[in-house]
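Close look at the chain arrangement
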Amino acid sequence: MLSGRLHSVNCDRRRSYALSVNTAEQSRFELRLGDDGFYGRPDLSAFPSNRAELSAKGANTKFAFGTEYWIAYSFLVEDGPVNTSTRGPYLGQFHATDDANDVPSSPPLAVLLNGETFQIVTTTTAEDPHTVNPPDQVRYSTPFVRGVPWDIVYRVTFGWQTGSASLEAWVNDVKVVEDLATEIGYNDAVGLYFIQGIYRFADAPETLIARYSKPEWGVADLSSRIGNPLPVYPTP
């Protein structure tokens, strides 16, 4: 349980370094090539991945379509080799709750590290079931800096119908996205859930370490976190 919400652990439990959570509910994730999120079982999917994540998948953690939410969290990626993954890492994502016959698809809203570029991306489709993973829409892009916290605040409403979604995003206290009539998400029966940690395709040899603050979300206004973020997991 974190913040009173049920979370599932998606990391290679053979690896003691993969996940640490302290009493302040700050988290540290370490990902190396070959670390699976399936309890050490190989990922046999079409796009094998490595992951170290905490997923808020409980019944009281879903983001319903058509409801406005605030989300605030911070993360820091430690200094290390240049990111070479062909997809990811994702560093905080909102994952769809797939319907039957949907294809595995990209998260409808996420922070994505593309090489060494920070991006906020969204995806959407009204197709039901959706049989093609839709392309990313890059909402914001800027050079990434390691070793310093990145403070994220969202004000978001999810929806796949035309104009039914909205997104405002602040990065390091600056509003970088404002789209008040858009589409974010898939035509699913159940809403999305938040995942913190590291997810990337299983093709990058470099080790990646990310340290997170305690994430906060809900319908209550979190604009006070703009310029006043919670601290990330401290340096050991």
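Residues numbered from 1 in each chain as written. Predicted model: local features only at pLDDT ≥ 70, side-chain atom pairs only at ≥ 80, totals over all residues. Heavy atoms only, no water.

Turning our attention to the sheet that holds strand β8 (residues 117-122). Strands sit in the order β1-β4-β15-β6-β7-β8-β10 across an open sheet of seven strands; the sheet is antiparallel. The open sheet has two edge strands, β1 (8-11) and β10 (137-143), and neither has a second partner. With strand direction ignored, the average angle separating the axes of adjacent strands in the sheet is 30 degrees. One ladder, built from seven bridges, connects strand β4 (residues 49-55) with strand β15 (residues 190-201); its direction is antiparallel. In the sheet register, Ser-55 faces β15, and the bridge partner there is Ile-195. (Pairing = 2+ DSSP bridges. Helix = DSSP H or I, 4+ residues; strand = E, 2+ residues; numbered from the N terminus. Axes fitted to C-alpha atoms, helices over the stretch in contact; angles between N-to-C directions.)

According to the stated counting rule, one finds 16 salt bridges in the structure shown. With its nearest N and O atoms 3.4 Å apart, the salt bridge here joins Asp-35 to Arg-15. One end of the pair, Asp-35, is in the loop between β3 (27-31) and β4; the other, Arg-15, is in the loop between β1 and β2 (19-21), with 20 residues separating them in the sequence. A relative accessible area of 30% places Arg-15 in the partly exposed class. Linking Asp-136 and Arg-87 is a salt bridge whose minimum nitrogen-to-oxygen distance equals 2.8 Å. In this pair, Asp-136 is assigned in the loop between β9 (124-125) and β10 and Arg-87 in the loop between β5 (68-77) and β6 (90-97), connecting sequence segments 49 residues apart. By relative accessible area, which is 26% here, Asp-136 ends up partly exposed. In the salt-bridge network here, residues are joined through shared partners; they are Glu-68, Arg-155, Glu-168, Lys-175 and Glu-178. (Salt bridge = Lys/Arg side-chain N within 4 Å of Asp/Glu carboxyl O. Buried < 20%, exposed > 50% of the residue type's maximum accessible area, 1.4 Å probe, protein only.)

Bringing unusual backbone geometry into the picture now. Cis rather than trans, the peptide bond between Gly-88 and Pro-89 has omega equal to 10 degrees. Within the element layout of this structure, Pro-89 appears in the loop between β5 and β6. For the peptide bond that leads from Asp-128 to Pro-129, omega is -5 degrees, which places it in the cis range. Among the structural elements, Pro-129 can be located in the loop between β9 and β10.

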